[in-house]
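A closer look at the structure
What follows is the residue order along each chain.
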Amino acid sequence: MSEDRDFLYDDDEAVKFIKNYLPEELRGKYSDDDINYVIDLIYDFYDSKGFVEDDDEGDDDEEVEINEDELIAYVIKNILSDGIGEYDADDIPLIVQGELEYCESLGMFGDSENRRD
């Protein structure tokens, strides 16, 4: 993910996008802070996989493969271990998928085939 693409990412817009992505019955269930916490965990996962480069050494055009199942498992595991918020385990994949869709809408992953379910 390049710095140019990261610049396009807006936390407030991501939260709005995710809330609109969720089924109507879930839109009011989670606060902006709850969704931001999940976004933070997603970026912790990206960092642990080396997808986020802090310097100019990374190849900005390198394709990123995200295993969605692995990402969701990581988020659920950390939510349970951190004990922050009250999340329904069935809702977490929808929040994660909403964030991935937001990133795709910005073109952050390049080709959408780079996501593996």
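Per chain, residues are indexed from 1 in the order of the written sequence. The model is predicted, so local features are restricted to residues of pLDDT at least 70 and side-chain atom pairs to those at 80 or more, both for listing and for counting; the totals for chains, interfaces and linings are taken over all residues. Computation of side-chain values covers all heavy atoms of the structure but excludes hydrogens and water.

To continue, consider the packing of aromatic side chains. Here a pair means two rings of Phe, Tyr or Trp (six-membered ring of Trp) with centres within 6.5 Å. Their orientation is stacked below 30 degrees between planes, edge-to-face above 60, and tilted elsewhere. Per the counting criterion, the structure on display carries nine aromatic pairs. Where Tyr30 meets Tyr87, the ring centres are 5.4 Å apart and the plane angle is 15°; that geometry is what we call stacked. Residue Tyr30 is located in the loop between helix H2 (11-21) and helix H3 (32-48), and its partner Tyr87 is located in the loop between helix H4 (68-82) and helix H5 (92-105); the two are separated by 57 residues in the primary sequence. Residue exposure (1.4 Å probe, protein chains only): buried if accessible area is under 20% of the type maximum, exposed if over 50%, otherwise partly exposed. The class for Tyr30 is buried, based on a relative accessible area of 3%. Geometrically, the ring pair formed by Tyr43 and Tyr46 is edge-to-face, given 4.8 Å between the ring centres and 80° between the ring planes. Placement of the pair is Tyr43 and Tyr46 together in helix H3, with a separation of three residues, close to one helical turn. Put simply, the rings of Tyr9, Phe17, Tyr43, Phe45, Tyr46, Phe51, Tyr74 and Tyr102 pair up and form one aromatic cluster. Counting from the N terminus, the helices are DSSP H or I runs at least four residues long and the strands are E runs at least two residues long.

Whenever a carboxyl oxygen of Asp or Glu lies within 4 Å of a side-chain nitrogen of Lys or Arg, that contact is scored as a salt bridge. Using the criterion set out here, one finds five salt bridges in the structure. Here Lys16 ties to Glu13 by a salt bridge, and the two come within 3.5 Å at their closest N and O atoms. Remark: Glu13 and Lys16 occur in helix H2; sequence separation between them is three residues, near one turn of the helix. The exposure class assigned to Glu13 is partly exposed, which follows from its relative accessible area of 38%. Connected through salt bridges with shared partners, the residues Lys29, Asp88 and Asp91 form a single ionic network.

Note on placement: Asp90 falls in the loop between H4 and H5. Residues Asp90 and Ile76 lie 14 residues apart in sequence; the distance between their C-alpha atoms is 9.7 Å.

Here we take up the environment of Tyr87. Its relative accessible area of 15% is what places Tyr87 among the buried residues. Taking C-alpha positions, Tyr87 is 8.5 Å from Asp34, a pair spaced 53 residues apart along the chain. Only 2.8 Å separates the side chain of Tyr87 from the backbone oxygen of Asp34, close enough to count as a polar contact. N or O atoms closer than or at 3.5 Å make up a polar contact, with two conditions inside protein: a donor-capable atom paired with an acceptor-capable one, and, for residues adjacent in sequence, both atoms drawn from side chains.

Attention shifts here to H4. Across its 15 residues, H4 extends 21 Å between first and last C-alpha, which sits within 8% of the 21 Å expected from 1.5 Å per residue. Listed as buried for H4 are Glu68, Leu71, Ile72, Val75, Asn78 and Ile79. For H4, the buried positions fall inside an angular range of 135° around the axis, keeping them on one side. Summarising the geometry of H4, the exposed residues directed more than 90 degrees from the buried face are Lys77, Leu80 and Ser81. Two residues or fewer past H4, Gly83 is found with a positive phi of approximately 65°. The span expected for a helix works out to 1.5 Å for each residue beyond the first. Think of the arc as the fan of directions from the helix axis to the C-beta atoms.

Let us look at the packing of H2 against H3. The N-to-C vectors of H2 and H3 enclose an angle of 105°; their axes lie 10 Å apart at closest approach. As summarised for this structure, H2 and H3 are arranged roughly perpendicular, according to the angle between their axes. For the pair H2 and H3, the contacting residues are Asp11, Ala14, Val15, Ile18 and Lys19 in the first and Asp32, Ile35, Asn36 and Ile39 in the second. Residues are grouped as follows: Ala, Val, Leu, Ile, Met, Phe, Trp, Tyr, Cys and Pro are nonpolar; Asp, Glu, Lys and Arg are charged; all remaining types, including Gly, are polar. When the residues that make up the contact of H2 with H3 are grouped by side-chain class, the tally is five nonpolar, one polar and three charged. Here the axes come from fitting lines to C-alpha atoms, over the contacting stretch only for helices, and the angles between their N-to-C directions go from 0 to 180 degrees. Our angle categories are set so that under 35 degrees counts as roughly parallel, over 145 as roughly antiparallel, 65 to 115 as roughly perpendicular, and the remainder as oblique. The contact definition used throughout considers only heavy atoms, calling two residues in contact when any of these lie within 4.5 Å.

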